[in-house]
Amino acid sequence: SVPLSFFGGIGGASRLGILVKGSNYLEALGSTETVVFDKTGTLTDGTFAVTELACAPGVTEAELVATAAAAEAFSTHPIAQSVRAYGDAMANAERPAANVAPLAERVRDVREVSGQGVEAVVDSRGVLVGNGKLMAAHGVPFQATHAAGTVLYVAADGAFLGTIVIADTIKPTAVRAIADLHAAGVKKTVMLTGDRTDVAASVAARLGIDEVHAELLPQDKVAEVEKLLAATERDTRGKGKLAFVGDGINDAPVLTRADIGIAMGAMGSDAAIEAADIVLMNDNPDDIAKAIDVARRTMRIVW
Ligand code: ADP
Ligand code: MG
């Protein structure tokens, strides 16, 4: 039977906006040794601002952005939302009464390639929007850019149209979150991301995260978590637990694989909330240290 004070612990956590799906997860949380974070939407806001546009010869900025925004029309990825918002603002400023067919008629055969970008047919042209991996996979010759931000390459019918650079911002609470976890005795903090190595390294350095792995596809994230699980268990004879924290945009498999899967509840996807053991309703990474504290106080009452 479940000791009564576990309910007290789960109730106490829920009053802080931390939903714990079972007493076993509360207990596991108390012995967390490794906390692994997804980057986009978890440690960063996931609301990107466009900071730079670079067009291939003969391509206008309006064409570059409108093409990318159309291809991203049906994606729920935070990058897609940002490109659409920028495209809308630009279209309103440039040609307020533009007479174009609805996107549902112009855009077909959309395919999201997780960790790479989107492929879609826009106005009968094969459009690609994504990172260098996506361009390379389609053999599109592109001009690699090393700007401070996430770089999106855009191509149509195999021709390179240009680059859109977008920059995400670190959540104000993320710096504190990492410091509080280390103060609570968490031995290792790790960031896993599909984004470029230089962007990832700069975010990790600013946050004081111990270890970072970048340019990962969703299946690479699972493999990294498996390596970390093996290392964590060896250190502590099976006692130390590994928590993974994500926003759920294509990280449901990792949430399931970790000892404790923690999802962002407000911005996270339904799939993530479903796959997670613990849901942070306020999307605040600093709530993990608070949850560990609640768990440990509950354990002291139980034992
Ligand atoms: P993270 O691991 O930081 O959460 P993702 O795995 O979601 O990031 O995405 C990794 C990379 O794949 C992004 O940095 C971007 O280059 C590319 N990408 C993913 N989805 C899209 C999209 N809808 N449009 C353009 N690029 C995308
Ligand atoms: Mg993500």
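Each residue is numbered by its place in its chain's sequence as written, counting from 1. The order in which chains are written sets their letters, starting at A; the order in which ligands are written sets their numbers, starting at 1. Residue-level local features of this predicted model are given only where pLDDT is at least 70; pairs of side-chain atoms are given and counted only at 80 or more, and the full residue set underlies all totals for whole chains, interfaces and linings.

> Explanation requested: the overall build of the protein chain in the structure shown.
The number of helices and strands found in the protein chain is twelve helices and 13 strands. Radius of gyration (C-alpha) of the protein chain: 21 Å, near the 19 Å computed for a compact globule of 303 residues. When the backbone C-alpha atoms are referred to their principal axes, the protein chain occupies close to 70 × 35 × 30 Å. Three exposure classes are used, based on other C-beta atoms lying within 10 Å of a residue's own C-beta, which is placed from the backbone: buried for 20 or more, exposed for 12 or fewer, and partly exposed in between. Out of the 303 residues in the protein chain, the part that is buried amounts to 45%. Each helix corresponds to a stretch of at least 4 residues labelled H or I by DSSP, and each strand to a stretch of at least 2 residues labelled E; elements are numbered beginning at the N terminus. As defined in this context, the radius of gyration uses C-alpha atoms, and a globule is described by 2.2 Å times the residue total to the power 0.38.

> How do you make sense of the nonpolar core when you look at a structure like this?
Most often, soluble globular proteins keep nonpolar side chains buried together rather than apart. To form a nonpolar core, buried Ala, Val, Leu, Ile, Met, Phe, Trp, Tyr and Cys residues must be joined through C-beta atoms within 7 Å. Within the largest apolar cluster, 51 residues are counted, with the highest numbers of intra-cluster contacts made by Phe-244 and Ile-262. Tallying contributions element by element places helix H12 (residues 287-302) first for this core, with six residues. Note on contacts: residues are paired as contacts if their backbone-placed C-beta atoms lie within 7 Å. Setting aside residues up to four positions removed in sequence, Ile-262 forms contacts with Ala-243, Phe-244, Val-245, Ala-276, Ile-278, Leu-280 and Ile-288. In terms of nonpolar packing, the next biggest core, distinct from the first, is built from 30 residues, Phe-48, Leu-64, Ala-156 and Ile-166 among them.

> Before we go on, may I ask you to explain the pairing of strand S11 (residues 241-246) in this structure?
Consecutive residues of a regular strand have side chains that alternate between opposite faces of the sheet. Most of S11 is tucked away, with six of its six residues classed as buried. At least two DSSP bridges between two strands are required for those strands to pair. As paired strands, strand S2 (residues 32-38) and S11 are joined by five bridges and run parallel to one another. For Phe-37, the partnering residue across the bridge sits in S11 and is Val-245.

> Before we go on, may I ask you to explain the environment of Asp-210 in this structure?
Within the secondary structure, Asp-210 sits in the loop between helix H8 (197-207) and strand S10 (211-213). Judged by local crowding, Asp-210 falls into the partly exposed class, with 15 C-beta atoms found within 10 Å. Ignoring sequence-local partners within four residues, the contact set of Asp-210 consists of Lys-188, Thr-189 and Val-190.

Geometric values such as these leave the question of function open.
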